[in-house]
Amino acid sequence: MEYNLADLFESIVDTVPDREALVYIDHPGTGAERRLTYGELDAAANRLAHHLAHHGIAPGEHVGLHLYNGIEYLQSALACLKIRAVPVNVNYRYVEEELVYLYRDADLAALVFDAEFTARVAATLPHTDRLRHLIRVGAAPEGATEPRIAPVAFPDAEASGSPGRGFGRRSGDDQFIIYTGGTTGMPKGVMWRSEDLFFAGLGGGAPTGEPVSRPEELAERVAAGGDGLVFFPTPPLMHGTSTLTAFIAFNFGQKVVIHRKYVPQEVLRTIEREKVTSLSLVGDAMMRPLVDLLSGPLKDTDCSSLFSVSSSGAILSDTVRAQFTELVPNAMLLNNFGSSESGFNGTATADSGPEKGFRISINAGTAVVDPVTHQPVEPGAVGRIALRGHVPLGYYNDPEKTAGTFFEADGARWVLLGDMATVDEEGIVTVLGRGSQCINTGGEKVFPEEVEQALKAHPDIYDALVAGVPDERWGSRVAAVIQLRDSAAPLSADAVQRHCRTRLAGYKVPRTVVFSDAIQRSPSGKADYRWAKSVAEAAG
């Protein structure tokens, strides 16, 4: 047995086949739900795997998952892994032009898609060469144009396959591709070996403890332990963090709860009903609505089961963290740091905040290096975060970007992330922000995340994004797009700037302040800086 994701999952199934594995709640509020044990989920994935293999999907070929959250998403991912095909996430917000790029760039051979996307799939298909098999979840909307390749209904695909296994030998080299969000450019497919993803993204079977030393040990740990943990990844599964959170739970032999979409009031009701112990989300955009509900209409919701609440992909501000801790004091809040290219890198320290910055305790394989020489920087110097050891193979179909991001040093393979940072004498890393978003104003460098933290410390500011806009004198100037709380009194730009001057150096204070009814983010809560920049530029 190797460190293969499908083999590892099956070893858990064989250990606790009757234990509840997955609870899916449809559009929150409808009451529709499905529950599967480990044995039932395994059989469902086997059926779909045999269907794909029967229709010619071979080991190494790519299968797109163009889906909202649902059992079908995780079932399809497992089905691909079982036959050594490669699951590929598809951002369901993409329109035709973006889908053409992704379908072609990823060389998709098959696609599992939700019926709501029928028209987009039909429009995209003529521009792709390799996509030859479609599986549709749900009934197509009335009047929607059908794709030129007739889709197989998901229940029919599932029913056509055997519930048994009977698959060939697998390898730790089998791949899993995670496409980046593309918020700062076209998305890139990060190619992970199964073994590397298990250790870098799934913590080697123990994200907060000692990784397993051999594949068989994973099931042995599950057999020796108990159940009772309930993992609730609330962002879309199309973003790597949520899918990896589900696989972490499976590696523990515990239960995963998913909703079709993020509806804050239903999230709280599910926490209470399912006794959720571990909640994952993305930043203030997802946390603030929970805080508002727990402070008001849902203040009696029982969240006492919560042990941990983690944010990845966006930082929880000090203000929101303090509010949530007051409401749910038993839950440990974690600001986790990681990426599609590196997996998990570390967790924010207790003193992390606007005064000292976003400080993380890094794992042993992480360093801050000079982006040119790849040598570690001196304490206090600015460099880029890099990770060695279990790192991806590179970007699919992009050798140029692979060469610029992945390198060899000291006999190890490294990945160079886009995040700028400093490191102190004790090895604590202060993350400054994405180098691609850094604002150069009169020669001074300003990282949007730092300014956003300061802005969101204002009691009347609900959300904010910061971007650089052209300036004749300074080259670029700092601009802020701000969403006020619904209950807030009108706030002037001068008042915002006065607030920022109490927390930031003068050159970091936004010179342009734009108020918006809502801040545009991805479904997972990640910042859309292109949108913020366009709004700020339009405001002058």
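Scroll up a little and you will see the structure.
How each quantity is defined
- Residues numbered from 1 in each chain as written.
- Predicted model: local features only at pLDDT ≥ 70, side-chain atom pairs only at ≥ 80, totals over all residues.
- Heavy atoms only, no water.
- Helix = DSSP H or I, 4+ residues; strand = E, 2+ residues; numbered from the N terminus.
- Buried < 20%, exposed > 50% of the residue type's maximum accessible area, 1.4 Å probe, protein only.
- Polar contact = N/O pair within 3.5 Å; in protein donor to acceptor, adjacent residues only side chain to side chain.
- Pairing = 2+ DSSP bridges.
- Axes fitted to C-alpha atoms, helices over the stretch in contact; angles between N-to-C directions.
- Contact = heavy atoms within 4.5 Å.
- Phe/Tyr/Trp six-rings, centres within 6.5 Å; stacked < 30°, edge-to-face > 60°.
- Lys NZ or Arg CZ within 6 Å of the ring centre and 35° of its normal.
- Parallel < 35°, antiparallel > 145°, perpendicular 65-115°, else oblique.
- Left-handed = near helix turned anticlockwise from the far one by under 90°.
- Nonpolar A, V, L, I, M, F, W, Y, C, P; charged D, E, K, R; others polar.
- 1 Å grid on protein atoms, 1.4 Å probe; cavity = no way out; pocket = protein on both sides within 12 Å on 5 of 7 lines; lining within 4 Å.
- Points joined across faces, edges and corners; volume = space filled by probe spheres on them.

Glancing now at the side chain of Arg-170. Mapped onto the secondary structure, Arg-170 falls in the loop between α6 (154–159) and β8 (175–179). For Arg-170, a relative accessible area of 5% translates into the label buried. A distance of 2.5 Å separates the side chain of Arg-170 from the side chain of Asp-7, its partner in a polar contact. Here Lys-82 takes part through its backbone oxygen, which lies 3.0 Å from a polar atom of the side chain of Arg-170.

What follows is about helix α14 (residues 448–456). With eight of nine residues buried, α14 lies mostly within the body of the structure. Regarding α14, the residues found buried are Pro-448, Glu-449, Val-451, Glu-452, Gln-453, Ala-454, Leu-455 and Lys-456.

This paragraph deals with the sheet that holds strand β25 (residues 461–471). Strand pairs in the sheet, formed through backbone hydrogen bonds, run parallel or antiparallel to each other. Taken in spatial order, the three strands of this open sheet run β25-β26-β27, and their pairing is mixed. Sheet topology places β25 and β27 (512–515) at the edges, where each strand pairs with a single neighbour. Across the sheet, the mean angle from the axis of one strand to that of its neighbour is 25°, orientation sign disregarded. Here four bridges tie strand β26 (residues 475–484) to β27, and the two strands are oriented parallel to one another. Note on β27: the bridge partner recorded for Ala-480 is Val-513. Against the sheet, α14 engages β25 and β26, with an angle of about 140° to β25.

Another point: the environment of Gly-443. Here Gly-443 is to be found in the loop between β23 (439–441) and β24 (444–446). In this structure the C-alpha to C-alpha distance between Gly-443 and Trp-474, which are 31 residues apart in sequence, comes to 8.0 Å.

Time to look at the packing of aromatic side chains. For the coordinates displayed, the defined rule picks out 14 aromatic pairs. Centroid distance Tyr-38 to Phe-250: 5.9 Å. Interplanar angle 80°. Geometry classified as edge-to-face. Residue Tyr-38 is located in helix α2 (residues 38–54), and its partner Phe-250 is located in helix α9 (residues 240–252); the two are separated by 212 residues in the primary sequence. For Phe-250, a relative accessible area of 1% gives the class buried. Considering the side-chain rings of Tyr-92 and Phe-117, the 6.2 Å spacing of their centres and the 15° angle between planes classify their relative orientation as stacked. With Tyr-92 in the loop between β4 (86–89) and α4 (96–105) and Phe-117 in the loop between β5 (108–114) and α5 (118–124), the pair connects residues that are 25 residues apart, well separated along the chain. Grouping residues by exposure puts Tyr-92 and Phe-117 together as buried. Taken together, the ring pairs connect Phe-9, Tyr-38, Phe-176, Phe-247 and Phe-250 into an aromatic cluster. Lys-188 extends its terminal NZ or CZ atom over the ring of Tyr-395, reaching a point 5.3 Å from the ring centre. Lying over the aromatic face of Tyr-68, Lys-261 brings its terminal NZ or CZ to 4.6 Å of the ring centre.

Time to look at the environment of Ala-421. Tracing the chain through its elements places Ala-421 in strand β21 (residues 412–423). You can call Ala-421 buried: its relative accessible area is 0%. Separated by 10 residues in the primary sequence, Ala-421 and Val-431 have C-alpha atoms spaced 4.4 Å apart. What Ala-421 contacts, discounting residues up to four positions off in sequence, is Val-368, Ala-381, Val-382, Gly-383, Ile-385, Val-429, Thr-430, Val-431 and Leu-432.

Running from amino to carboxyl end, helix α10 (residues 264–274) crosses helix α11 (residues 283–295) at an angle of 70°, the nearest separation of the two axes being 9 Å. Taken together, the axes of α10 and α11 are roughly perpendicular relative to one another. The two elements α10 and α11 cross, and the hand of that crossing is right-handed. Of α11, the residues touching α10 (which contributes Pro-264, Gln-265, Val-267 and Leu-268) are Pro-289, Leu-290, Leu-293 and Leu-294. Residue composition of the contact of α10 with α11, grouped by class: seven nonpolar, one polar and no charged.

On to empty space enclosed by the protein. Summed over the entire model, instances satisfying the criterion amount to four cavities of 30 Å³ or more. Roughly 80 Å³ of volume is contained in the largest cavity. Looking at the largest cavity, it is lined by 13 residues, and the ones nearest its centre are Tyr-73, Asn-89, Phe-176, Leu-237 and Thr-243. The set of elements that each furnish at least two residues to the lining of the largest cavity consists of β4, β8 and α9. Within the lining of the largest cavity, the residues separate by chemical class into nine nonpolar, four polar and no charged.

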